[in-house]
Each structure stands twice: as structure tokens, then as C-alpha cells.
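What the coordinates show
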Amino acid sequence: MREDINYYKAKKRVEKIKGFYGHLVSYIVINLVLYLVNYITYPNDFWFDHWFYWQLLLWGIGLVIHGIVVFYSLPIFGKEWEERKVQEFMQEEKQQNNKLE
């Protein structure tokens, strides 16, 4: 039974990592295409036209946040967070009961 739970958690983590890498690949490919479009439409004033850079920056921030959540296990109020909090509160309750005895 415990092995099944560990397998499920490991599989779920692998899916999250796979999702991040898919996000990273799409970020690179789409931004390369946008770079080319930006360069073709503004060949002489390329460095002065900033729409490409804003898109690159904003999506890049989202990608960094996605990476932090996946690789540093920072679920924002997800199931894992709930389970950790329940365990934390149970441990606190147990410690308080031990002090009263």
C-alpha cells in the first residue's frame, strides 16, 4: 500500500517536471519565432523596437515561477501544502499533550 502511494507521488512529480520542460521548450521556440518576426518587420530599427523584449521578459518571469514551484516544491495552497500543514498541526498537538502529562 505504501509503495503505491510513493509511486503515485513520484509519478505526479515526474509529470510536473515534464510539464515544466514542455513550457521551457515552447518558450524558446515561440520566442525565436517572435525574434525573427521582430527582426524582419523592423530590420533597421530592431534594437529600438521593444515589443519583443517585453514579451520575452514577462513570459520569462512566468517560466521562472513555474520552475521554482516544480523544482523547489512550493505548492501554493495545494494538496501537498495541506498535508504538510495537517502533519504540522498534529505534531504540535502531540507535543502540547506530552507537556501536559
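Just above, that's the structure.
Residues numbered from 1 in each chain as written. Predicted model: local features only at pLDDT ≥ 70, side-chain atom pairs only at ≥ 80, totals over all residues. Heavy atoms only, no water.

Turning our eyes to something else, we now look at the overall build of the protein. When its secondary structure is counted, the protein shows 3 helices and 0 strands. Counting from the amino terminus, helix and strand elements in the protein follow one another as α-α-α. Buried positions account for 13% of the 101 residues belonging to the protein. Considering only intrachain contacts with a sequence separation of at least 6, the fraction spanning at least 24 residues in the protein is 59%. Carbon and sulfur atoms make up 67% of the accessible area of the protein, which totals about 8600 Å². (Helix = DSSP H or I, 4+ residues; strand = E, 2+ residues; numbered from the N terminus. Buried < 20%, exposed > 50% of the residue type's maximum accessible area, 1.4 Å probe, protein only. Contact = heavy atoms within 4.5 Å. Areas by Shrake-Rupley, 256 points an atom, 1.4 Å probe, with all protein chains shown as cover.)

Let us now look at a nonpolar patch on the surface. Residues Val25, Val29, Ile30, Val33, Val37, Tyr42 and Trp51 make up a contiguous nonpolar surface patch of about 590 Å² in total accessible area. With 5 residues, helix H1 (residues 2-41) is the single largest residue contributor to the nonpolar patch. (Patch = residues over 30% accessible without salt bridge, like charges linked within 9 Å, V, L, I, M, F, W, Y side chains within 5 Å. Salt bridge = Lys/Arg side-chain N within 4 Å of Asp/Glu carboxyl O.)

A separate point is the packing of aromatic side chains. Throughout the structure, instances matching the rule amount to 6 aromatic pairs. Residues Phe20 and Phe71 carry aromatic rings whose centres are separated by 5.3 Å and whose planes lie at 85° to one another, so their mutual orientation is edge-to-face. Taken together, the positions of Phe20 in helix H1 and Phe71 in helix H2 (residues 51-71) put the pair 51 residues apart, joining distant regions of the chain. One aromatic cluster is present, built from ring pairs that chain together Phe20, Tyr21 and Phe71. (Phe/Tyr/Trp six-rings, centres within 6.5 Å; stacked < 30°, edge-to-face > 60°.)

Here H1 spans 58 Å end to end across 40 residues, near enough to the 58 Å set by a 1.5 Å rise per residue. Turning to H1, its buried residues are Phe20, His23, Tyr27, Asn31 and Asn38. (Expected span 1.5 Å × (residues − 1).)

Along its 21 residues, H2 runs 30 Å from first to last C-alpha, staying within 8% of the 30 Å computed at 1.5 Å per residue. Those residues of H2 lying buried are Phe52, Gly60, Leu63, Gly67 and Val70. Down the axis, H2 shows its buried residues gathered within 85° of arc, on one side only. Exposed residues pointing more than 90 degrees away from the buried face of H2 are listed as Trp54 and Leu58. Looking at the buried positions of H2, the neighbouring elements they touch are H1. (Arc of directions from axis to C-beta.)

Further remarks concern the packing of H1 against H2. H2 packs onto H1 with a crossing angle of 170° between their chain directions and a minimal axis gap of 10 Å. When the axis of H1 is compared with that of H2, the two are roughly antiparallel. A class-by-class count of the residues in the contact of H1 with H2 yields 16 nonpolar, 10 polar and 2 charged. (Axes fitted to C-alpha atoms, helices over the stretch in contact; angles between N-to-C directions. Parallel < 35°, antiparallel > 145°, perpendicular 65-115°, else oblique. Nonpolar A, V, L, I, M, F, W, Y, C, P; charged D, E, K, R; others polar.)

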